[in-house]
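Residues per chain, in single letters:
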Amino acid sequence: MIAFNVVRFKVKPGMDAAFLAAHEGIAESWPGLRHANIIQTGEGRYCIIAEWESMEALAASRPQMIATLDSFRETLEDLGGGMGVTDAVGGTVVLSPK
């Protein structure tokens, strides 16, 4: 069953290009990734929305996702509220109206 994960980030001023560049190779380094988009939701605020072959593929790629995060962690600001530098959720598709 297809799965998605969404991760929200807040990038430090002037670090947008480094943040985006760190994601350029994810298609090759995250096995099971079908498609991903990074959207800008505000000034220095981004979300990655990734489609996976399955929840198992998503879970199996966590080490690679963490390695990618570690490569640009210094570009991120704490989101506050005890969340740290990311706000991540994921799950399987339960309805696909289109």
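Structure's up top.
Residues numbered from 1 in each chain as written. Predicted model: local features only at pLDDT ≥ 70, side-chain atom pairs only at ≥ 80, totals over all residues. Heavy atoms only, no water.

1. A short note on a nonpolar patch on the surface
Step number 1: Among the surface-exposed residues, Phe4, Ile39 and Ile49 lie close enough to one another that they form a single nonpolar patch of about 210 Å² accessible area.
Step number 2: Looking at the element boundaries, Ile39 is found in strand β2 (residues 33-42). (Patch = residues over 30% accessible without salt bridge, like charges linked within 9 Å, V, L, I, M, F, W, Y side chains within 5 Å. Areas by Shrake-Rupley, 256 points an atom, 1.4 Å probe, with all protein chains shown as cover. Salt bridge = Lys/Arg side-chain N within 4 Å of Asp/Glu carboxyl O. Helix = DSSP H or I, 4+ residues; strand = E, 2+ residues; numbered from the N terminus.)

2. Side note on the sheet that holds strand β3 (residues 45-52)
Paired through backbone hydrogen bonds, the strands of a sheet run either parallel or antiparallel to each other.
Step number 1: Strand order in this open sheet of four strands is β2-β3-β1-β4, and the pairing throughout is antiparallel. This sheet does not close on itself; its edge strands, each paired only once, are β2 and β4 (87-92). On average, adjacent strands in this sheet sit at an angle of 15 degrees to one another, irrespective of strand direction.
Step number 2: Relative to β4, strand β1 (residues 3-10) runs antiparallel, the two sharing six bridges. Residue pairing for β4: Asn5 is matched across the bridge by Gly90. (Pairing = 2+ DSSP bridges. Axes fitted to C-alpha atoms, helices over the stretch in contact; angles between N-to-C directions.)

3. A short note on the layout of surface pockets
Remark: the empty space left among the atoms is shown by a probe the size of a water molecule rolled over them.
Step number 1: By volume, the largest pocket is sized at about 340 Å³.
Step number 2: Lining the largest pocket are 18 residues, with Asn5, Val7, Met65, Ile66 and Ala88 positioned closest to its centre.
Step number 3: Secondary-structure elements contributing two or more residues to the lining of the largest pocket are β1, β3, α4 (62-72) and β4.
Step number 4: In terms of residues, the lining of the largest pocket owes the most to one element, α4, which gives six residues.
Step number 5: By residue class, the composition of the lining of the largest pocket is 12 nonpolar, five polar and one charged. (1 Å grid on protein atoms, 1.4 Å probe; cavity = no way out; pocket = protein on both sides within 12 Å on 5 of 7 lines; lining within 4 Å. Points joined across faces, edges and corners; volume = space filled by probe spheres on them. Nonpolar A, V, L, I, M, F, W, Y, C, P; charged D, E, K, R; others polar.)

4. A closer look at the pairing of β3
Step number 1: The buried fraction of β3 is high, at six of eight residues.
Step number 2: Bridge analysis of β2 against β3 gives eight bridges, and the strand direction is antiparallel. Each bridged residue has a counterpart across the sheet, and for Ile39 the counterpart in β3 is Cys47.
Step number 3: Hairpin connection from β2 to β3: two residues lie between these consecutive antiparallel strands, with Gly44 at a positive phi of about 70 degrees. (Buried < 20%, exposed > 50% of the residue type's maximum accessible area, 1.4 Å probe, protein only.)

5. Description of the pattern of salt bridges
Step number 1: Per the counting criterion, the structure on display carries four salt bridges.
Step number 2: Among the ionic pairs, Glu77 bridges to Lys10, the shortest N-O distance being 3.3 Å. Here Glu77, found in the loop between α4 and β4, pairs with Lys10, found in strand β1; they are 67 residues apart in sequence, far enough to count as distant.
Step number 3: Salt-bridge contacts for Arg73 lead to Asp70; the nearest nitrogen and oxygen are separated by 2.7 Å.

The values are spatial; any link to function lies outside them.
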